[in-house]
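# Structural overview
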Amino acid sequence: MHISVMGELDSKAEADRLLECIGENCGCEIHITFLDANIVTPEVVEKIIKLQENSKCKVFVLKSYLYSYFLSLGIKCFLVKKKSILNKRCEISEKLSSRSFEPEKVEEFLRDIYDKYGFDFTEYRKDSIIRRIKISMLRYCMTCFEEFRKLVLTDQDVFEQLFLDFSINTTNFFRDPEVFTFLKERVLLCLDSYSHIKIWCVGCSNGKEPYSLAIILKELGMLHKVQIYATDINPYVIEEAKNGLYSASTIDTDIVNYKKAGGTKAFTDYFDITGSYIKVKDEFKDNILFFQHSVIEKGILNEFQMILCRNVMIYFDIPLQRKVLRHFYNSLDVGGFLVMGKSEGMLLNGGYEYFVDYNEKNKVYRRKS
Ligand SMILES: C[S@@+](CC[C@H](N)C(=O)[O-])C[C@H]1O[C@@H](n2cnc3c(N)ncnc32)[C@H](O)[C@@H]1O
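Attention here is on the structure that accompanies the text. (Residues numbered from 1 in each chain as written. Predicted model: local features only at pLDDT ≥ 70, side-chain atom pairs only at ≥ 80, totals over all residues. Heavy atoms only, no water.)

The next point concerns the packing of aromatic side chains. According to the stated counting rule, one finds 33 aromatic pairs in the structure shown. Ring centres of Phe119 and Phe163 lie 4.6 Å apart, and the angle between their planes is 50°; on these two criteria the pair is classed as tilted. Of this pair, Phe119 sits in the loop between helix 5 (103-117) and helix 6 (126-139) while Phe163 sits in helix 8 (residues 156-166); the two residues are 44 residues apart in sequence, bridging distant segments of the chain. We classify Phe163 as buried; its relative accessible area is 4%. Through pairs of rings, three or more aromatic residues link up here, namely Phe173, Phe174, Phe180, Tyr211, Tyr246, Tyr258, Phe267, Tyr270, Phe271, Phe284 and Phe290. Over the face of the ring belonging to Tyr358 we find Arg366, whose NZ or CZ atom lies 5.5 Å from the ring centre. Seen from the ring of Tyr329, Arg367 lies directly overhead, with NZ or CZ sitting 3.9 Å from the centre. (Phe/Tyr/Trp six-rings, centres within 6.5 Å; stacked < 30°, edge-to-face > 60°. Helix = DSSP H or I, 4+ residues; strand = E, 2+ residues; numbered from the N terminus. Buried < 20%, exposed > 50% of the residue type's maximum accessible area, 1.4 Å probe, protein only. Lys NZ or Arg CZ within 6 Å of the ring centre and 35° of its normal.)

Set out below in structure tokens:
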């Protein structure tokens, strides 16, 4: 039996329909092709893994995002690609790496993207954006920026791939563990006097950062009174975060970082461990609200006691960093905490107008009154 899945498969109803189709199959081998989906629900992931355990299912995907997601969770799958494209790559890569792009043309391109698709990258750092554009051009074997520009602005799929190239989602459980130790000992306990605590995790990627925070809060006996808002510009990492399924391949490092972060129990207490993947226990999901949101958008989220925005602002130019810091100032209670990434800070972007140092080593700041 062959099932072709068209469109995104991120709603429960669509996922249920696929599970029903699979269920109707009378025990023979199934081939499933995902044509447009970038992400699928945990039920679909778990069903495919079960079928593959009995060698009953072959999976084909067209989107590289879903391909990487499936592989990370231990699903064997094939990425469907045009062969001719693969062969041309090396030669194009050399041409592109030496090419310089006119900054004005890149700025114009980013403005066009904003007008057409509503995503604002106009104030992201140009060196990083140009590197990402080159990666995307390589994907399509293109060397002419003007042609690529036209393609992105006329073909939504090409834009979507460029968007994914712009959004760099590297993250870990308990990333920079000493920061979590510091938060535990010197920040979260300060907030314990509040009856209700609101925390905003900006650029939360696939959720490992807010789940790490939730684990620490649970161990402090504070989780029940905390609401974490976890947001990211990229809608697919948000769906991954809601799924709460992660590769088991990094578990040794996760355990080490959890211990270094001052974890008092076992990292594995908080997950259901199944062969190739781990699944966050449902109890953590009740206190975390995941949603897609760009921190550059105008709308105000406010009255937070703490904001984590780690390893996001490195991609912004200095004026944008300043705007975002003012936005955080408006979103925090007086004395509220802001936590930035280890290579970020307040020196160059005028952030000290709004914040004072609380602990520079761990990049923790407090809102001025
Ligand atoms: C390198 S990851 C950092 C993840 C996590 N905070 C950490 O430190 O492990 C940066 C994340 O910021 C997100 N991002 C980039 N621009 C954003 C924006 N304007 N609003 C919200 N998130 C954004 C990206 O999609 C990506 O998931």
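Picking up after the structure, the text goes on.
A separate point is the pattern of salt bridges. All told, the structure shown has 19 salt bridges when counted by the stated rule. Of the charged contacts, one joins Glu160 and Lys63 as a salt bridge, the two residues approaching to 3.1 Å between their closest N and O atoms. Taken together, the residues span a long stretch of sequence, with Glu160 in helix 8 and Lys63 in the loop between strand 3 (57-61) and helix 3 (64-73) at a distance of 97 residues. By relative accessible area, Glu160 is classed as buried at 16%. (Salt bridge = Lys/Arg side-chain N within 4 Å of Asp/Glu carboxyl O.)

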